Amino acid sequence: MTDYSPRSRRPGGPPLGPLAIVTFALTLAGVGTLLAGTGSVPAPFAPAADVAAWYAAHALPIRIAATLQFGAAVPLGILTASVYARQLRLGVRVPGPVIGLYGGITASILLAVSALVTWALASAPAPGGVASALGLLAFALGGVGYAVGLGLLIAGVAVPAFLLRLMPRWFALAGLVIAACGELSFLSLVVDPLQALLPLVRFGGGLWLIAAAFLLPRDRPRRDPRLAGGERS
């Protein structure tokens, strides 16, 4: 007879490590393509004419970078769902997994929408005012919105890992610092110097997720019920 007890189930789903690596690799490839192909990126609040001229002058590398950015959003969503399923399998019964799921899916969707807006801007020339407005929208979605969502994903992994000792506590604390930076990054919409938090969260958070994907255990050891109350005569 087949045994369907919890002890007989084996962890399923895609491996977390490769998903995190692919997400980060596509992110790096997108940023690298953009910088190599354009030389520089205009500030979010640069004059409208400068923004429109930048998109018109570097259409091909911008489209390629946007495509890679869109590609990074897909494995991020899969990674988020897989981490959530892993946490449930580990018996995590605190709000963290749901918070992480919400944050990761939000980050994935906003990154994808930002990439599509950027691709459209580079594919069809737009007047200065329109290009500037859509460029700001792409920045808000793929920069600030993505950082806030990614911060929630990291917090949703780091807090349960810290409380339940699923990972080294120093590593979980590092994740909480990155997550806090992600949540504070929304202030960069009105305080320009805080835009420095965005690359910290994007790249530091990506590296943290890679390590966390390999550190998060597949299962928690179960106590033998025969030993729970000691031997009875």
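Everything below is about the structure printed above this text.
Residues numbered from 1 in each chain as written. Predicted model: local features only at pLDDT ≥ 70, side-chain atom pairs only at ≥ 80, totals over all residues. Heavy atoms only, no water.

Visitor: Tell me what's going on with the overall build of the protein chain, and back it up with residues and numbers.
Guide: A tally of regular secondary structure across the protein chain gives eight helices and zero strands. Reading the helices (α) and strands (β) of the protein chain from amino to carboxyl end gives α-α-α-α-α-α-α-α. Taking all 233 residues of the protein chain together, 41% fall into the buried category. The contacts in the protein chain between residues at least 6 apart in sequence include a share of 81% that link residues at least 24 apart. (Helix = DSSP H or I, 4+ residues; strand = E, 2+ residues; numbered from the N terminus. Buried < 20%, exposed > 50% of the residue type's maximum accessible area, 1.4 Å probe, protein only. Contact = heavy atoms within 4.5 Å.)

Visitor: Please give an account of unusual backbone geometry that cites residues and values.
Guide: Most peptide bonds take the trans form, and the phi angle of most residues other than glycine is negative. The backbone phi angle of R165 is positive, close to 55 degrees, even though this residue is not glycine. Within the secondary structure layout, R165 lies in the loop between helix 5 (128-164) and helix 6 (169-184).

Visitor: Could you give an account of the environment of L200, with specific residues and numbers?
Guide: Tracing the sequence through the fold places L200 in helix 7 (residues 197-215). The class of L200 is partly exposed, set by a relative accessible area of 42%. Not counting residues within four places of it along the chain, the set of residues in contact with L200 comprises C181 and G205.

Visitor: Could you give me a rundown of the packing of helix 1 (residues 16-38) against helix 7, with the residues and numbers involved?
Guide: For the pair helix 1 and helix 7, interaxial distance at closest approach is 7 Å and the crossing angle is 160 degrees. It follows that helix 1 is roughly antiparallel to helix 7 by the angle criterion. As for the relative orientation of helix 1 and helix 7, their crossing is left-handed in sense. Across from L16, G17, A20, I21, F24, T27, L28 and V31 in helix 1, the residues of helix 7 making contact are R202, F203, G206, L207, L209, I210, A213 and F214. Classifying every residue of the contact of helix 1 with helix 7 by side-chain character gives twelve nonpolar, three polar and one charged. (Axes fitted to C-alpha atoms, helices over the stretch in contact; angles between N-to-C directions. Parallel < 35°, antiparallel > 145°, perpendicular 65-115°, else oblique. Left-handed = near helix turned anticlockwise from the far one by under 90°. Nonpolar A, V, L, I, M, F, W, Y, C, P; charged D, E, K, R; others polar.)

Visitor: Just give me the short version of the side chain of T38, but keep the residues and values in it.
Guide: Along the chain, the position of T38 falls in helix 1. On the basis of relative accessibility, which here comes to 11%, the residue T38 falls in the buried class. Here the side chain of T38 touches L34 through a polar contact of 2.6 Å, landing on its backbone oxygen. A distance of 3.0 Å separates a polar atom in the side chain of T38 from the backbone oxygen of S40. Apart from the residues lying within four places of it in its own chain, the contact partners of T38 are W54, H58, P61 and I62. (Polar contact = N/O pair within 3.5 Å; in protein donor to acceptor, adjacent residues only side chain to side chain.)

Visitor: Residue-level account of the side chain of S108, with values.
Guide: Checked against the element boundaries, S108 lands in helix 4 (residues 96-123). With relative accessibility at 10%, the residue S108 sits in the buried group. If we skip the residues at most four places from it in the chain, S108 touches A73, L76 and G77.

Visitor: So, the environment of V83: which residues are in play, and what are the values?
Guide: Along the polypeptide, V83 turns up in helix 3 (residues 59-89). The exposure class assigned to V83 is buried, which follows from its relative accessible area of 9%. Distance in space between the C-alpha atoms of V83 and L216 is 8.7 Å, their sequence separation being 133 residues. If we ignore the near neighbours within four places in the chain, the residues touching V83 are L16, V157 and L216.

Visitor: Lay out the packing of aromatic side chains with the relevant residues and their values.
Guide: On inspection of all chains with the given rule, the structure shows three aromatic pairs. Here the aromatic rings of W54 and Y55 are separated by 4.9 Å at their centres, their planes lie at 75 degrees, and the arrangement is edge-to-face. Y55 shares its class with W54; the two are buried. When the ring of F171 is compared with that of W208, the centres are 4.8 Å apart and the planes differ by 5 degrees; the resulting orientation is stacked. Taken together, the positions of F171 in helix 6 and W208 in helix 7 put the pair 37 residues apart, joining distant regions of the chain. With a relative accessible area of 7%, F171 lands in the buried category. Assessed through its relative accessible area of 4%, W208 is described here as buried. (Phe/Tyr/Trp six-rings, centres within 6.5 Å; stacked < 30°, edge-to-face > 60°.)

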